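One letter stands for each residue in the lines below.
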Amino acid sequence: SDVAAYGDTMMYGQNNGAQSAWVTRAVQETCAARALQCVGYPTYPPSDDRAFSAAGAPVVSLGFQDQVGAHQMWLAFNGGDDKGLAEGFVPRVFRTIHSAEDKIEVVEGETIRLAADSYEAVIRAMDAKLTADGK
């Protein structure tokens, strides 16, 4: 989990190798089962998951933002030359994290609860898959 302080839209990376396909599927099934707004990123920004992915471990990077920010970030990383964002536009999250504006006041308690509940559901879905596969 990286970037999960505000908003109700879960973002997830889809660029963690074939070994992570079943983990991504668990995320997608959780989103559907909970009617949770989720945005999958074919290219997700580099995060702490990269070391695990490089080692061949199944992994997914998850985060939360408001819906507009999640889509703006998707466009910034996946929209190509015709992404539709203004020249030099930087999504709010990238103006906030690791900056002087990265303060506890930005954190929304409801998002922390939603993230925790959602991550637990993803972990349970993954556990069910591993149990069903006898692992």
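Shown above is the structure to which this text applies.
These numbers come from a predicted model, not from an experiment.

About the thresholds
For every chain, the first residue of the written sequence is number 1, and numbering continues from 1 onward in sequence order. Residue-level local features of this predicted model are given only where pLDDT is at least 70; pairs of side-chain atoms are given and counted only at 80 or more, and the full residue set underlies all totals for whole chains, interfaces and linings. Heavy atoms from the whole structure form the basis of all side-chain values; hydrogens and water molecules are not counted. Secondary structure elements are defined from DSSP: runs of H or I of at least 4 residues count as helices, runs of E of at least 2 residues count as strands, and each element is numbered from the N terminus. Just to be clear, the radius of gyration here is over C-alpha atoms, and the globule rule we use is 2.2 Å times residues to the power 0.38. Each residue's exposure class comes from its accessible area (1.4 Å probe, protein chains only) as a fraction of the maximum for that residue type: buried when under 20%, exposed when over 50%, partly exposed otherwise. Contacts are residue-level and defined by heavy atoms, with any inter-residue pair within 4.5 Å sufficient. All accessible-area figures derive from a Shrake-Rupley calculation using a 1.4 Å probe, and residue coverage is judged against the displayed protein chains alone. Only the stretch in contact is used when a helix axis is fitted, and all axes are lines through C-alpha atoms; the angle between N-to-C directions ranges over 0 to 180 degrees. Angles are sorted into four bins: roughly parallel if under 35 degrees, roughly antiparallel if over 145, roughly perpendicular if 65 to 115, and oblique for all others. Left-handed describes a crossing whose near helix is turned anticlockwise from the far helix by less than a right angle; the clockwise case is right-handed. Strand pairing requires that DSSP identify at least two bridges connecting the strands.

**Student:** Can you explain the overall build of the chain? Please cite residues and give values.
**Tutor:** On a plain count of helices and strands, the chain comes out with 5 helices and 3 strands. For the chain, the sequential pattern of α-helices and β-strands runs β-α-β-α-β-α-α-α. Taken over C-alpha atoms, the radius of gyration comes to 15 Å for the chain, in line with the 14 Å a tight globule of 135 residues would show. Dimensions of the chain along its principal axes, counting C-alpha atoms only, are 50 × 35 × 25 Å. Considering the chain as a whole, with its 135 residues, one finds that 35% of them fall into the buried category. Across the chain, the fraction of contacts at a sequence separation of at least 24, relative to all contacts at a separation of at least 6, is 81%. On the chain, roughly 7700 Å² of surface is accessible, and the fraction owed to carbon and sulfur atoms is 55%.

**Student:** Summarise the packing of helix H1 (residues 21-34) against helix H5 (residues 109-132); cite the residues concerned and give the values.
**Tutor:** How two helices sit against one another is set out by the angle between their axes and by the gap between those axes. At a minimum axis distance of 9 Å, the contact between H1 and H5 shows a crossing angle of 125 degrees. It follows from the interaxial angle that H1 and H5 lie oblique. For H1 against H5, the interelement crossing comes out right-handed. Of the residues in H5, those touching H1 at Trp-22, Val-23, Ala-26, Val-27, Thr-30 and Arg-34 are Asp-117, Ser-118, Ala-121, Val-122, Ala-125, Met-126, Lys-129 and Leu-130.

**Student:** Can you lay out the sheet that holds strand E3 (residues 62-65) for me, pointing to particular residues and giving the numbers?
**Tutor:** Sheet architecture is open: 3 strands sit in the order E2-E1-E3, paired in mixed fashion. Strands at the two margins of the open sheet, each flanked by one partner only, are strand E2 (38-41) and E3. On average, each strand axis in the sheet is tilted by 25 degrees relative to the strand beside it, whichever way the strands run. Where strand E1 (residues 9-13) lies against E3, 4 bridges are found, and the strand directions are antiparallel. Each residue of the ladder has a partner; that of Met-10, found in E3, is Phe-64. Of the strands in this sheet, E1, E2 and E3 are in contact with helix H3 (residues 67-78), which crosses E2 at around 10 degrees.

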